[in-house]
Amino acid sequence: MRLALACSLFVVAACAAEPTPAVDLQPSVAFADLKPYTGMKKAVTVKASASDDHGVYAVELLAGDSRQVVARATQEPFDIVWSTIHVADGLTAVRLRATDSSGQTSESEPLTVIVANGTTMTEPAYLDGNSGNVLVPADYDPAAPTVELDKKNHWSNPAGVTKIMAVVDWAVPAGQSPWEIGLRVGIGECPDSGTAIGAEVVGTQGPLFLSVDVPADQATTGMHFVHMRPANWSAHKGESLPYSVHVYLVK
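The paragraphs below set out a description of the structure included in this document. (Residues numbered from 1 in each chain as written. Predicted model: local features only at pLDDT ≥ 70, side-chain atom pairs only at ≥ 80, totals over all residues. Heavy atoms only, no water.)

Section: the packing of aromatic side chains
Two aromatic rings are characterised by how far apart their centres lie and by the angle between their planes.
At step 1: Tallied over the entire structure, the rule returns one aromatic pair.
At step 2: With a centroid separation of 5.0 Å and 80 degrees between ring planes, the pair formed by Tyr140 and Trp233 is classed as edge-to-face. Within this pair, whereas Tyr140 is found in the loop between β11 (131–136) and β12 (151–157), its partner Trp233 is found in the loop between β17 (222–230) and β18 (239–250), the two being separated by 93 residues in sequence.
At step 3: Look at Trp233 and you get partly exposed, because its relative accessible area is 22%. (Phe/Tyr/Trp six-rings, centres within 6.5 Å; stacked < 30°, edge-to-face > 60°. Helix = DSSP H or I, 4+ residues; strand = E, 2+ residues; numbered from the N terminus. Buried < 20%, exposed > 50% of the residue type's maximum accessible area, 1.4 Å probe, protein only.)

Focus: the sheet that holds strand β15 (residues 195–203)
At step 1: Within the open sheet, the four strands sit side by side as β12-β17-β14-β15. Their pairing is antiparallel. Where the open sheet ends on each side, the last strands, each with one partner, are β12 and β15. Averaged over all pairs of adjacent strands, the angle between their axes in this sheet comes to 15 degrees, without regard to strand direction.
At step 2: Sheet analysis places strand β14 (residues 181–187) next to β17, joined by seven bridges and oriented antiparallel. Bridge pairing in β17 places Leu183 opposite Met228. (Pairing = 2+ DSSP bridges. Axes fitted to C-alpha atoms, helices over the stretch in contact; angles between N-to-C directions.)

Description of the sheet that holds strand β1 (residues 28–31)
Working definition: the strands of a sheet are paired by backbone hydrogen bonds and lie parallel or antiparallel to each other.
At step 1: Strand order in the open sheet made by the three strands is β1-β3-β6, with antiparallel pairing throughout. Strand pairing shows two members of the sheet lacking a second neighbour, β1 and β6 (78–83), which therefore form its edges. The sheet shows a mean angle of 30 degrees between the axes of neighbouring strands, taken without regard to direction.
At step 2: Pairing analysis gives six bridges linking strand β3 (residues 43–51) to β6, with the strands arranged antiparallel. Within the sheet, the bridge partner assigned to Lys47 lies in β6 and is Asp79.

Some points on the side chain of Asn232
At step 1: Among the structural elements, Asn232 can be located in the loop between β17 and β18.
At step 2: A polar contact of 2.8 Å, which involves the side chain of Asn232, links it to the backbone nitrogen of Glu180.
At step 3: Leaving out residues up to four positions away in the same chain, Asn232 has contacts with Pro178, Trp179 and Glu180. (Polar contact = N/O pair within 3.5 Å; in protein donor to acceptor, adjacent residues only side chain to side chain. Contact = heavy atoms within 4.5 Å.)

Just distances and angles here, no functional claims.
Set out below in structure tokens:
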């Protein structure tokens, strides 16, 4: 009896002494310096920040809704060289995916960039900023407006621009119905006295993208504008909408 009890105590002590297996954490990964709506052309370097408790095996750059692997890095620093020449001009969502030494993966939040593989692509300096807030007064009357709902940003075009690409983004505040936003670009001081290039695009979800070729019979230099308007303002009286707008000039 004493022998059986001693063996039982030995087994319990031995089991209690076994260490708890360590939890293998998933890797973490994020863009180190890439900002939303950055202009991308030809070969670009995307810097990633990745870590894991047992080491990061690789970091991949994924492009588009299909999450196609377009480039990868296997050692620190995780600087990923991406050739955009096979990517269509316009908006592209990119993500990072990290894989650790045991095969676990994690993805970063998606980030939207602008691809334009022209000879040069620049973002002009705005005369009045590239972000703001649309505010519709509760008593707004279009027949006797007290505020300007439309937002107009201007820049001076350099010579040789053949294409203008614009994007406006917004996030609808909690409790509000969708906003319908219109976007267009043109030549002159504003849409009222200027000339639109191409047609307006309208959408209810950001980002909203517009790309227009500058016609040969229209001036490429001088004052230009990007115009954003709340098309369904009547459904948003007493509400406001923060937004950002970016423009890229392609030669």
